[in-house]
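Architecture at a glance
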Amino acid sequence: MSTISVGTSGYTYHEWVGPLYPEGLAPAEYLPYYAAHFSTLELNSTRYRMPTAAKLAHLHQQAPSLRFSIKAHRSFTTEIASSWRSAVAAFSAAVQPLLHAGVLQAILLQFPASFVYAPAERRYLDSLLKCLSHLPLAVEFHHSLWYNNRTLDGLRQRKVSFVSLDLPAVDGVPPLLDTTTADLAYLRLHGRNATTWWASDVASRYDYWYSTEELKQIAQRIRLLALESKQTLVYCNNHPKGAAVANARTLATLLESDDG
């Protein structure tokens, strides 16, 4: 069975003052405080702002024991630019300090539902994975047609992780599929807020608090993934109101227990 690590997606939320961070803690101290409670972090900001080697090296210096999964920049995932190859090169250079320090667990390639399973998109994905093949990769699909044996076999051949998801059961979301395609298993918990999933306010989509019973069921899914992998990463993305913090803590406790 693999090593299981549970963390959150992002850490700089001011509404986590109380649920995680004490009153008066400076935002510059958030990361070391987070690292005292969790062993792994999925870094969100890199999707919106191209990271630099200096910035990521500084994060590592702030929290030397913390391990990172880094969300790929949107210029080659959600808003693919014609200059995507140069963006990939810049991104690859930026993550080198974490890679060399041994604390880079994965690069998360998160594709939107508009990234469909079609010849052009498949060719693009193949090219992208080749450009990033020197890094540990995990791919998250939000269009259900990617959920097929050809996709999974292709990821296995490339030793790229397929990201399992926990989502609300609403039209337009992919099916639940827990499977491993590499030594790394990867699960993201987005919440199950069916009423706001397609709302114009994207933040409200993740406003969801998992019950203990729901987390017990998810813990069983994680244990099964761990049987087929060397390392399993789990991140709670339901960040509003600090739910991700509480749910990640509960989930970690359940996974440590015999009856969770």
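Residues numbered from 1 in each chain as written. Predicted model: local features only at pLDDT ≥ 70, side-chain atom pairs only at ≥ 80, totals over all residues. Heavy atoms only, no water.

Focus: the nonpolar core
- By size, the foremost hydrophobic cluster in this structure holds 81 residues, and its most contacted members are F76, I107, L109 and L251.
- For this core, the element with the highest residue contribution is helix α8 (residues 243-256), accounting for 6 residues.
- Beyond its immediate chain neighbours, meaning those up to four positions away, F76 contacts W84, A87, V88, F91, L109, F111, Y124, L128 and L132. (Core = buried A, V, L, I, M, F, W, Y, C linked by side-chain atoms within 4.5 Å. Buried < 20%, exposed > 50% of the residue type's maximum accessible area, 1.4 Å probe, protein only. Helix = DSSP H or I, 4+ residues; strand = E, 2+ residues; numbered from the N terminus. Contact = heavy atoms within 4.5 Å.)

Describing the pairing of strand β4 (residues 104-110)
- With 7 of 7 residues buried, β4 is to be regarded as a mostly interior element.
- As defined by bridge partners, strand β3 (residues 67-71) adjoins β4 across 4 bridges and the pair is classed as parallel. Residue pairing in the sheet places K71 in a bridge with L108 of β4. (Pairing = 2+ DSSP bridges.)

Some points on the environment of A248
- Residue position: A248 is located in helix α8.
- Relative accessible area serves as the criterion here: at 0%, A248 is assigned to the buried category.
- Considering only alpha carbons, one finds A248 and P32, 216 residues apart in sequence, at a separation of 17 Å.
- Aside from chain neighbours lying at most four places away, what touches A248 is V6, G7, T8, F38 and C236.

Let's talk about the side chain of E140
- Locating E140 in the fold gives a position in strand β5 (residues 137-140).
- Among the polar contacts made by the side chain of E140, one reaches the side chain of H190 at a distance of 2.9 Å. (Polar contact = N/O pair within 3.5 Å; in protein donor to acceptor, adjacent residues only side chain to side chain.)

Digging into helix α6 (residues 149-158)
- All of the buried residues in α6 are T151, L152, G154 and L155. Viewed along the axis of α6, the buried residues span an arc of 160°, placing them on a single side of the element. The exposed residues of α6 that point more than 90 degrees off its buried face are N149, R150 and Q157.
- Structurally, the start of α6 carries an N-cap: the backbone nitrogen of R150 is 2.9 Å from a side-chain oxygen of N148.
- Of the residues trailing α6, K159 is marked for its positive phi of about 60°. (Arc of directions from axis to C-beta.)

Remarks on the sheet that holds β4
- Pairing is parallel around the closed barrel formed by 8 strands, whose spatial order is β1-β2-β3-β4-β5-β6-β7-β8. Mean inter-strand twist for the sheet, computed between neighbouring axes without regard to direction, equals 25°.
- Alignment of strand β1 (residues 3-9) against strand β2 (residues 40-43), held across 2 bridges, turns out to be parallel. Directly across from S9, in β2, lies its bridge partner E42. (Axes fitted to C-alpha atoms, helices over the stretch in contact; angles between N-to-C directions.)

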